[in-house]
Amino acid sequence: MKNLYLNKGKEESLRRFHPWVFSGAVKHIEGNPREGELVRVMACDGTFLAIGHWQIGSIAVRVLSFEDRPIDLGFWVERLQIAYTMRKATGVVGRKDNDTYRLVHGEGDNLPGLVIDMYGATAVMQAHSVGMHVSRKEIADALKTVLGDVLQSIYYKSETTLPFKADLGQENSFILGSTLHNTAYENGLCFHIDWLKGQKTGFFVDQRDNRSLVEQYAKGRRVLNMFCYTGGFSVYAMRGGAHLVHSVDSSQKAVDLVNANVELNFPGDERHKAFAEDAFKYLDRMEEAYDLVILDPPAFAKHRDAVRHAIKGYTKLNARAMEKMPAGSLLFTFSCSQAISKEQFRMAVFTAATLAKRNVRILHQLHQPADHPVNIYHPEGEYLKGLVLYVE
Ligand code: SAH
């Protein structure tokens, strides 16, 4: 394994167990490692600090271990076992009514660059770093060892998440088994999971708890689920006894998916309608007075540079919705931009409330669920935030 030496003073964040080494901190590397290769990170005086995956880009090393140890099948089995045990402890595994959960959440599970979502007997595995891509077969073997017969197939879906410049030519495919069975359960509701072509791993597992909260508030309400994608929130609202549910997404594919998922759970139920339309256009022209609105847009800021623009976007979107909501309405509003802090998001919603001239109270402050844990040494991992507002 090649050694990588840091500039003087640049070892501090690693001593606090932060799992990234930025390229600016690197003094020199022995030899010429290939992208994805393991390197040993050393302080400038030669003290060992960590082992991780090397990659070209602003994050030069993603740390796998702060101990000098082999990164072999045993390592992957150990890490995956810890992740699985944690999910069992939170009660998300081993339930009859729920077989959808995140097993590995990157840095949150001390496995930077790796995401694994479980849908019944299928794992959808996603590499966000070249190192995880290089290790994919070993990780797949370790996963089979840890999950045993619970696991029947592994779909590897990294075509769009690997760095384009690394030119890996990766195509999505099964690395274990294969299956056409693509439905899974979340809190007793059934969903088609399009892991072959859908966004992310096919489903937004991170909204599970927040969907349950919508269900609790939905009774008798007229619900608008904006940015609905697979319609998770819509189906929960229907089970909660909503008077009507309208789902909106700019993508026709998403609208087809939400319709299929409603049909799966509530065949022939006429309370639901879906529209393929841009969110802002829909909010401008809508006639229905919705008294429970969900706004769960895609990440407006994917990078730090886009933050100011994104805050404006959140403000405009929330103001538009609030302006039209009758007194006594509920607004569930979210941001999944990692680059936007909780405070910045709350400020954007505050500005929206003043623009809409509404009296607004915060009832709940929401976040990602326990199967998307935040590593205390990596606060950047806290990405999902939401507010439930009572709009007078
Ligand atoms: N709420 C969903 C996840 C939303 S993902 C869930 O619980 O699963 C964001 C969605 O917003 C995507 O499906 C995308 O197609 C849609 N979208 C992006 N831009 C949009 C726009 N301008 N208007 C409406 N929908 C949009």
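Engineer: I tried to follow the site of the ligand on my own but got confused; where do I start?
Structural biologist: Near the ligand you find 16 residues, and of these R211, D249, D278, A279 and D296 are the closest. Within the side chain of D249, an N or O atom sits 2.6 Å from an oxygen atom of the ligand. For the ligand, a nitrogen atom lies 2.8 Å from a polar atom in the side chain of D278. For the ligand, whose unbound accessible area comes to 590 Å², protein coverage reaches 87%. When the residues that make up the shell around the ligand are grouped by side-chain class, the tally is seven nonpolar, four polar and five charged.

Engineer: Which parts of the structure should I look at to understand the sheet that holds strand β20 (residues 385–391)?
Structural biologist: The seven strands are arranged β16-β15-β14-β17-β18-β20-β19 in an open sheet whose pairing can be described as mixed. The sheet terminates laterally at β16 (272–276) and β19 (360–367), the two strands that pair on one side only. Neighbouring strand axes in the sheet, compared pairwise and without regard to direction, differ in orientation by 15° on average. Inspection of the sheet shows strand β17 (residues 292–295) paired to strand β18 (residues 329–335) by four bridges, in the parallel sense.

Engineer: In this structure, what is going on with the domain arrangement of the chain? I would like to understand it.
Structural biologist: It is common to report an interface's size as the accessible area lost on association of the parts. Split by domain assignment, the chain resolves into domain 1 (2–65), domain 2 (73–187) and domain 3 (204–391). For domain 2 and domain 3, the distance between their C-alpha centres works out to 27 Å. Contact with domain 2, which involves 18 residues of that partner, is made by 16 residues of domain 3. With both sides pooled, the region where domain 2 packs onto domain 3 buries about 1300 Å², and carbon together with sulfur makes up 52% of that total. If you sort the residues of domain 2 by the area they bury against domain 3, H105, E186 and N187 come out on top, with a joint share of 41%. Here domain 2 is connected to domain 3 by one salt bridge. When the shortest N-O distance is used, the salt bridge between E186 and R211 registers 3.0 Å. Between the two partners, domain 2 and domain 3, sit nine residue pairs in polar contact (both at pLDDT 80 or more). Elements represented by at least two residues in the side of domain 2 that touches domain 3 include exactly α2 (73–90), β7 (100–105), β8 (114–119) and β12 (183–186). Considering each element in turn, the side of domain 2 that touches domain 3 owes the most residues, four residues, to β7. Residue classes in the side of domain 2 that touches domain 3 are distributed as four nonpolar, eight polar and six charged.

Engineer: How do you make sense of the sheet that holds strand β2 (residues 20–22) when you look at a structure like this?
Structural biologist: Strand order in this open sheet of six strands is β2-β6-β5-β4-β1-β3, and the pairing throughout is mixed. Two strands lie at the open edges of the sheet, namely β2 and β3 (26–29), each paired on one side alone. The mean inter-strand angle of the sheet, taken between neighbouring strand axes irrespective of direction, is 35°. With five bridges joining them, strand β4 (residues 38–42) and strand β5 (residues 48–54) adopt antiparallel strand pairing. Looking at β5, one finds that V41 is bridged to A50.

Engineer: Would you explain the state of the cysteines in this entry?
Structural biologist: Two cysteines joined by a covalent bond between their sulfur atoms form a disulfide. On inspection of all chains with the given rule, the structure shows zero disulfides. C228 supplies the cysteine sulfur nearest to C190, a cysteine that is in no disulfide, at a spacing of 17 Å. Cysteine C228 shares no disulfide, and the gap to the nearest cysteine sulfur, in C336, comes to 15 Å. Using a relative accessible area of 6% as the deciding quantity, one classes C228 as buried.

Engineer: Explain the nonpolar core to me, please; I cannot follow it from the model alone.
Structural biologist: One recurring pattern in soluble globular proteins: nonpolar side chains tend to sit buried together. Core analysis: the largest hydrophobic core is formed by 35 residues, its most contacted members being Y119, I294 and F332. Of all the secondary-structure elements, those providing two or more residues to this core are β13 (189–192), α5 (208–217), α6 (232–239), α7 (252–265), β17 and β18. Sort the elements by how many residues they give to this core and α6 lands first, with five residues. Two domains each donate at least three residues to this core, and these are domain 2 (73–187) and domain 3 (204–391).

Engineer: How do you make sense of unusual backbone geometry when you look at a structure like this?
Structural biologist: Note: most peptide bonds trans; most residues except glycine with negative phi. Of note, Y229 is a non-glycine position whose phi angle comes to about 45°, a positive value. Relative to the elements of secondary structure, Y229 occurs in the loop between β14 (222–226) and α6. The class of Y229 is buried, set by a relative accessible area of 9%. Positive phi, normally seen in glycine, also occurs at K357, with a value near 55°. In this fold, K357 is placed in the loop between α10 (342–356) and β19. Residue class for K357 comes out exposed when judged on its relative accessible area of 74%.

Calculation notes
Residues numbered from 1 in each chain as written. Predicted model: local features only at pLDDT ≥ 70, side-chain atom pairs only at ≥ 80, totals over all residues. Heavy atoms only, no water. Near = heavy atom within 4 Å. Polar contact = N/O pair within 3.5 Å; in protein donor to acceptor, adjacent residues only side chain to side chain. Areas by Shrake-Rupley, 256 points an atom, 1.4 Å probe, with all protein chains shown as cover. Nonpolar A, V, L, I, M, F, W, Y, C, P; charged D, E, K, R; others polar. Pairing = 2+ DSSP bridges. Helix = DSSP H or I, 4+ residues; strand = E, 2+ residues; numbered from the N terminus. Axes fitted to C-alpha atoms, helices over the stretch in contact; angles between N-to-C directions. Domains from an automatic or database assignment. Contact = heavy atoms within 4.5 Å. Buried area = accessible area lost by both parts, 1.4 Å probe. Salt bridge = Lys/Arg side-chain N within 4 Å of Asp/Glu carboxyl O. Disulfide = S-S within 2.5 Å. Buried < 20%, exposed > 50% of the residue type's maximum accessible area, 1.4 Å probe, protein only. Core = buried A, V, L, I, M, F, W, Y, C linked by side-chain atoms within 4.5 Å.

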